[in-house]
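Listed here are the chains, written in short residue letters.
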Amino acid sequence: MSNSETPPNASRRRLLMALPLAGAGVVGVAFWKMLSGMEHGSFNPHDINAPVLNRPVPDFTLPDQPPMQGFNTQDLRNLTQPVLVNFFASWCIPCLAEMPTLMTLKDKLTMWGIAYKDRPENAENFLKHSGNPFSRLGSDHEGRVGIEWGISGVPETFLIGPGGVIRWHTAAPLTDDILSQTLLPLVEKLKAP
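Below or above, wherever it landed, is the structure these notes cover. (Residues numbered from 1 in each chain as written. Predicted model: local features only at pLDDT ≥ 70, side-chain atom pairs only at ≥ 80, totals over all residues. Heavy atoms only, no water.)

### A word on the pairing of strand β4 (residues 156-161)
Filter applied, for reference: Exposed residues in this analysis have more than 50% of their type's maximum accessible area, buried residues have under 20%, and partly exposed residues fall in between, with area computed by a 1.4 Å probe over protein chains only. The helix count covers DSSP runs of H or I at least four residues long, the strand count covers runs of E at least two residues long, and both are numbered beginning at the N terminus. By definition, two strands form a pair when at least two bridges between them are found by DSSP.
Among the six residues in β4, six count as buried, and that is most of the element. As judged from the five bridges shared by strand β1 (residues 83-88) and β4, these two strands associate in the antiparallel manner. Following the sheet pairing, V83 is matched in β4 by I160. Of the strand pairs in this sheet, β4 and strand β5 (residues 165-170) are connected by five bridges, and their pairing is antiparallel. The partner of T157 across the bridge, within β5, is T170. Between the antiparallel neighbours β4 and β5 lie three residues, among them G163 with a positive phi of about 85°.

As structure tokens, this is what we get:
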């Protein structure tokens, strides 16, 4: 072999050395795009792409969460009016923070709650102390229903339209701005014949 030829092992080494650099470059570009989105106000870490929109609710059954009756897939598919389904937990600080907003909605929209990965007695005490905006309440103690719905944590809220179709979703605590600018206008559209 002459000095001008590169041994096969040297080429392989160069390739193996270049791979981590290429990977770091890809990660760097992605990070730069995220930071530039934040600078222009277009990046929202709570804006999770919910592939469940405009699809029927998943199959599930929730046992009762005292003091209220649980619910299941068929209950939501039999709806003729919109219902807000809210996943919450007694150990969730943002859930406590959104409870006053949910209480203001109580007379405007039917809400059903799902106590996610929570002890039934803790969820019951949470609602006694913070207020209970829900007309039905189920217990997802094991978290399996949350998996079926594709939630990433709590609080998460879904607007279910007539026929049990998911029409809206957020993975952030509800605020007055979200209610007035997004949720309530959509509810009015869904209520219209």
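Still to come is the rest of the account.
### Details of the pairing of strand β2 (residues 110-116)
Note the following rule: Look down the strands so they point away from you; if the path from the first strand over the helix to the second goes clockwise, the crossover is right-handed.
Summarising burial for β2: six of the seven residues are buried, a large majority. Relative to β2, β1 runs parallel, the two sharing six bridges. From the neighbouring strand, V85 faces β2, where its bridge partner is W112. A crossover links β1 with its parallel partner β2, the connecting element being helix α3 (residues 93-105), and its sense is right-handed. In this structure, β2 lies alongside strand β3 (residues 136-140), joined through five bridges in parallel fashion. Residue pairing for β3: G113 is matched across the bridge by L137. Between β2 and its parallel partner β3, the chain crosses via helix α4 (residues 120-130), and the hand of that crossover is right-handed.

### Thoughts on a nonpolar patch on the surface
Quick note on the threshold: Two distance rules govern patches: like charges are joined within 9 Å, and nonpolar side chains (Val, Leu, Ile, Met, Phe, Trp, Tyr) within 5 Å, applied only to residues with over 30% relative accessible area and no salt bridge. Surface accessibility in these figures is a Shrake-Rupley result with a 1.4 Å probe; residues are shielded only by whichever protein chains are displayed. A carboxyl oxygen of Asp or Glu within 4 Å of a side-chain nitrogen of Lys or Arg is what we treat as a salt bridge.
Residues L15, L16 and L19 make up a contiguous nonpolar surface patch of roughly 310 Å² in combined accessible area. Tracing the backbone through its elements, the reader meets L15 in helix α1 (residues 8-39). Judged by its relative accessible area of 53%, L15 falls in the exposed class.

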